[in-house]
Amino acid sequence: MSLVTVSKVNYFYPDGDARRYILKDVSCTFERGSFYAILGESGSGKTTFLSLLGALDKPKSGKVLYEEQDIAAIGFESFRRNKIGIIFQAYNLIPYMTAVENIKVAMSITDNKLPKDVNEVAYNLLDYIGLDKAKADRTVNKLSGGEQQRVAIARALATNVDVILADEPTGNLDEDMENEIVAILGKLAHEHNKCVIVVTHSTQIAKQADAVFKLRKGKLEAMDN
Amino acid sequence: MSFARRAIASIIRKPGKTLILLVIIFVLGNIIAGAVSIRQAATNAQVLLRTKMSPVVSLGFDNEKYAALWEQNPALEIEDIALETLEKIGVSPYVKYFDYSAKVIGISLSSGFSSSSEDPTLPGISFINAIGVNNPEIVDLKEGLIQLVSGRVFTEQEIKNLTYVALIPQEMAEKNNLSVGSVIPFECGFDTEAEKPRTFDFEIIGIYRAKIMEGEFRDGIYAPNRALNEMNEMANNEVLKDPNVTESDYQSILETFKIYYTTLFILNDPTDLNAFREEVATLLPAYYTVTVASNSLEKSAAPLQSIREIVTLVLCVAVVAAVLTMSLLITLFLRDRRQEIGIYLSLGERKFKVAGQILVEIAVIALMAITLSLFTGNLLSGAISEQMLTDQMAADQANVGQYSPGDYAYRYQGATATEQLAESYTTSLDTTIVLLFYIIGFVTVCVSVLLPIFYITRLNPKKILMGGELEL
């Protein structure tokens, strides 16, 4: 059974009487334990596709299924809260909070069952992705871009979800940092059995992915990796 | 990290915005607190005045009305108010206490006795004012103008039958070494070759102390109307014994020294005044009117009512201003925080919890500001309302009806009203004010966050975090 199934999804903007399709009849499946890269040029609909997978938007037609259940039936808010973690290019952390508090915010929002000592879990997660306690206790705007993206990854993991979605996670990082982040994402898929779906321009990420799709003219095409 | 904790973190870690909001709520809170405090103090004072003071009215002659009636009918004669009519008015359901008083001023004490009003040109003669009473319980005592130091009040029999008994002031008792049971001799009549004044021995049944009564009645004696009447009549009859007095002189003397009564009605409730006026109008000749003593509740409460109306308006304006200012300010602050809100929403946070976080933030800041302004607003209101009260009392004093010193209601007029009003009006922080202020404050805050909450419900995390226009 596929973890996430995209079934004949269409997304368009009205353009006068016509429609400008961003995604047209897109179908695909995503499995646990795999690292997926979705490539595409700017404006190809990569972010729209990710926002549909992340229940940040609704398809005009078609369905996104999670364990064969329509995410609309689960509830978009509930789906975001309990089934997925999203990593953004701009990190999107709460600036006046520390790294560990950012993790705890996500843990307080989810309905998933988590260990009682959220503090310890948060510190351990940050430690796992390479942030020591001193940095974990800093407000996030005092951390570097790479460190902030690690916090964002830890936050996505903190709610014990199966699907990690990432929108250009290395777009603001240098090459060394990009490699580190990609390694972490690969580890999440392969060692922690997560379904990691990354939307990117980066061929470096695509090289590390188990499966690569390319969005072109609203169509999602599987590529040889 | 629950939404409440997030709210606290936001308050602490964004001190600039917290301070701006705190100062604005504090300033608006001062206006609201001041208005609430003044309004409540005015309301409390009205209630207190109602318990302290009953409306005091009297029946008076209306010169203007009489003149108008006389022009229509020059044969119109002034009719005295019959005692039966007074008695009928006295049993009205609007009347708490009623009395009428024979107006006898200046009876002399026999030599050897002294009062506080001695005439240096007439050595050895002391004059005293007599206050006739028909109500044995003495209305002045009931209304707290005097206090019984020793003895008792009159009995029904003493009032009905011709009994020479009196209540005298403490000062006179001390000065003349008198006590309850002693006899005080009053002289009445003319000391001429043909006749000597008659002496009336009044038994002292009680000694009183004037509490808030001012003026010449402060040291008067209370005696039954009938006794005073009798004394007056006998004095008038003595005149006839003088062979030099003609019949016309005698009639003139009778007219001059005729006993007449002044009235006093203490009403149950100030709201009864108009109904009482209407009822009385049907029983009296048209040229009589109901006059209100200056310290009646209607008059005394007038400045309070004016203050209440002014501050109620101020309160309404301040609340509307607070709602508008806070709504716009919070919405403006939220626009700055839309990314943060987008993050919460992208993490799946429920919108009502995001709204709850904002509400908690505003409520905590408001609680601090409101608590501070409660004290400062109360201090300010004390100073402001003192000035307002003085101005209003001065303005209202001009409209007060005046009585002549011999009138019964005169004793209820004057400084006592101002004193009682000033005593009753205090801008202290009592439970009602605190509760009322917090309720108004928090209702204002809750209404103020409606617009910001509406703003939150319109936010779309995709548009905030992944680009796109923000819609309000």
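You'll find the structure just up there.
My aim in this report is to walk through the structure given alongside it, one point at a time.

Reading guide: rules and limits
Residues numbered from 1 in each chain as written. Chains lettered and ligands numbered in written order. Predicted model: local features only at pLDDT ≥ 70, side-chain atom pairs only at ≥ 80, totals over all residues. Heavy atoms only, no water. Helix = DSSP H or I, 4+ residues; strand = E, 2+ residues; numbered from the N terminus. Buried < 20%, exposed > 50% of the residue type's maximum accessible area, 1.4 Å probe, protein only. Areas by Shrake-Rupley, 256 points an atom, 1.4 Å probe, with all protein chains shown as cover. Salt bridge = Lys/Arg side-chain N within 4 Å of Asp/Glu carboxyl O. Contact = heavy atoms within 4.5 Å. Polar contact = N/O pair within 3.5 Å; in protein donor to acceptor, adjacent residues only side chain to side chain. Nonpolar A, V, L, I, M, F, W, Y, C, P; charged D, E, K, R; others polar. Arc of directions from axis to C-beta. Patch = residues over 30% accessible without salt bridge, like charges linked within 9 Å, V, L, I, M, F, W, Y side chains within 5 Å. Phe/Tyr/Trp six-rings, centres within 6.5 Å; stacked < 30°, edge-to-face > 60°. Lys NZ or Arg CZ within 6 Å of the ring centre and 35° of its normal. Pairing = 2+ DSSP bridges. Axes fitted to C-alpha atoms, helices over the stretch in contact; angles between N-to-C directions.

Re the overall build of chain B
Piece 1. Per the secondary structure count, chain B includes 17 helices and eleven strands.
Piece 2. The buried share of chain B, reckoned over its 472 residues, is 49%.
Piece 3. With the model as given, the accessible surface of chain B reaches about 22,200 Å², and the carbon-plus-sulfur share is 58%.

Some words on the pattern of salt bridges
Piece 1. Summed over the entire model, instances satisfying the criterion amount to 18 salt bridges over all chains.
Piece 2. When the shortest N-O distance is used, the salt bridge between Lys462 of chain B and Asp57 of chain A registers 2.8 Å. Of this pair, Lys462 of chain B sits in helix α17 (residues 461–465) while Asp57 of chain A sits in the loop between α1 (46–53) and β4 (61–66), on two different chains.
Piece 3. Taking relative accessible area as the criterion, Asp57 of chain A reaches 17% and is therefore assigned buried.
Piece 4. When the shortest N-O distance is used, the salt bridge between Lys142 of chain B and Glu137 of chain B registers 3.6 Å.
Piece 5. Residue classification places Glu137 of chain B among the partly exposed positions, given a relative accessible area of 41%.

Topic: the interface of chain B and chain A
Frequently, the measure chosen for interface size is the accessible area that the parts lose on association.
Piece 1. With 25 residues of chain B at the interface, the matching set in chain A holds 28 residues.
Piece 2. At the junction of chain B and chain A, the tally comes to three salt bridges.
Piece 3. The tally of links between chain B and chain A comes to seven residue pairs in polar contact (both at pLDDT 80 or more).
Piece 4. Secondary-structure elements contributing two or more residues to the side of chain B that touches chain A are α1 (3–13), α12 (338–346), α13 (351–397) and α17 of chain B.
Piece 5. Here the side of chain B that touches chain A takes six residues from α12 of chain B, the largest share from any one element.
Piece 6. Among the residues making up the side of chain B that touches chain A, the classes are represented as nine nonpolar, seven polar and nine charged.

Notes on helix α10 (residues 273–281) of chain B
Because each turn of an α-helix spans 3.6 residues, side chains separated by three or four positions end up pointing in the same direction.
Residue and element names in this part refer to chain B.
Piece 1. Listed in full, the buried residues belonging to α10 are Leu273, Phe276 and Val280. Projection of α10 onto a plane perpendicular to its axis shows the buried side chains occupying an angular sector of 60 degrees, all on one side. Every exposed residue of α10 that faces more than 90 degrees away from the buried side is listed here: Glu278 and Ala281.

Overview of a nonpolar patch on the surface
Residue and element names in this part refer to chain B.
Piece 1. A cluster of nonpolar residues, Leu19, Val23, Val27, Ile31, Ile310 and Val314, forms a patch on the protein surface that exposes about 480 Å² of accessible area.
Piece 2. Looking at the nonpolar patch, the elements that each hand over two or more residues are α2 (15–52) and α11 (297–336).
Piece 3. In terms of residues, the nonpolar patch owes the most to one element, α2, which gives four residues.
Piece 4. For Ile31, the position within the fold is in helix α2.
Piece 5. Classification of Ile31 by relative accessible area gives partly exposed; the value is 39%.

Notes on unusual backbone geometry
Residues and elements named next belong to chain A.
Piece 1. A positive phi angle, near 65 degrees, is found at Glu68, a position not held by glycine.
Piece 2. At Glu168, a residue that is not glycine, the phi angle is positive and equals roughly 45 degrees.
Piece 3. As for its position among the elements, Glu168 is in the loop between β7 (163–167) and α8 (175–192).
Piece 4. Look at Glu168 and you get buried, because its relative accessible area is 10%.

Description of the packing of aromatic side chains
Piece 1. Considering all chains together, one arrives at 21 aromatic pairs over all chains under this definition.
Piece 2. Aromatic side chains Tyr11 of chain A and Tyr13 of chain A sit 5.7 Å apart centroid to centroid with 90 degrees between the ring planes, which places their arrangement in the edge-to-face category.
Piece 3. Note on Tyr11 of chain A: relative accessible area 4%, which makes it buried.
Piece 4. For Tyr13 of chain A, a relative accessible area of 32% corresponds to the partly exposed category.
Piece 5. Between Phe61 of chain B and Tyr288 of chain B, the ring centres sit 5.9 Å apart and the planes meet at 80 degrees, which makes this aromatic pair edge-to-face. Residue Phe61 of chain B is located in strand β1 (residues 56–61), and its partner Tyr288 of chain B is located in strand β11 (residues 288–292); the two are separated by 227 residues in the primary sequence.
Piece 6. Judged by its relative accessible area of 14%, Tyr288 of chain B is buried.
Piece 7. Among the aromatic residues, those joined into a cluster by ring pairs are Phe98, Tyr100, Tyr261, Phe265 and Phe276 of chain B.
Piece 8. Between Lys24 of chain A and the ring centre of Tyr21 of chain A, over which it is positioned, the NZ or CZ distance is 4.8 Å.
Piece 9. Over the face of the ring belonging to Phe12 of chain A we find Lys60 of chain A, whose NZ or CZ atom lies 6.0 Å from the ring centre.

Thoughts on the sheet that holds strand β6 (residues 84–87) of chain A
Residue and element names in this part refer to chain A.
Piece 1. Strand order in the open sheet formed by six strands is β6-β7-β8-β3-β9-β10, with mixed pairing between adjacent strands. Strands at the two margins of the open sheet, each flanked by one partner only, are β6 and β10 (219–223). In this sheet, adjacent strand axes meet at a mean angle of 20 degrees when their direction is disregarded.
Piece 2. Here β7 runs beside strand β8 (residues 195–200); their pairing, made up of five bridges, is parallel. Bridge pairing in β8 places Ile164 opposite Val196.
Piece 3. Along the sheet, helix α7 (residues 145–158) contacts β6 and β7; its crossing angle with β6, the most-contacted strand, is approximately 170 degrees.

Looking at the side chain of Thr48 of chain A
Piece 1. Structurally, the position occupied by Thr48 of chain A is in helix α1.
Piece 2. Those residues in contact with Thr48 of chain A that lie beyond four places of it in its chain are Tyr11, Ile22 and Leu23 of chain A together with Lys462 of chain B.

Things to note about the sheet that holds strand β5 (residues 69–70) of chain A
Residue and element names in this part refer to chain A.
Piece 1. Spatial ordering of the open sheet is given by β2-β1-β4-β5, a layout of four strands whose pairing is antiparallel. What marks the edges here is a single partner per strand, and that holds for β2 (18–30) and β5.
Piece 2. Bridge count for strand β1 (residues 4–15) against β4 is five bridges, and the pairing is antiparallel. The residue of β4 that forms the bridge with Val4 is Tyr66.
Piece 3. On the sheet, α1 packs against β1, β2 and β4 and is oriented at approximately 55 degrees with respect to β2.

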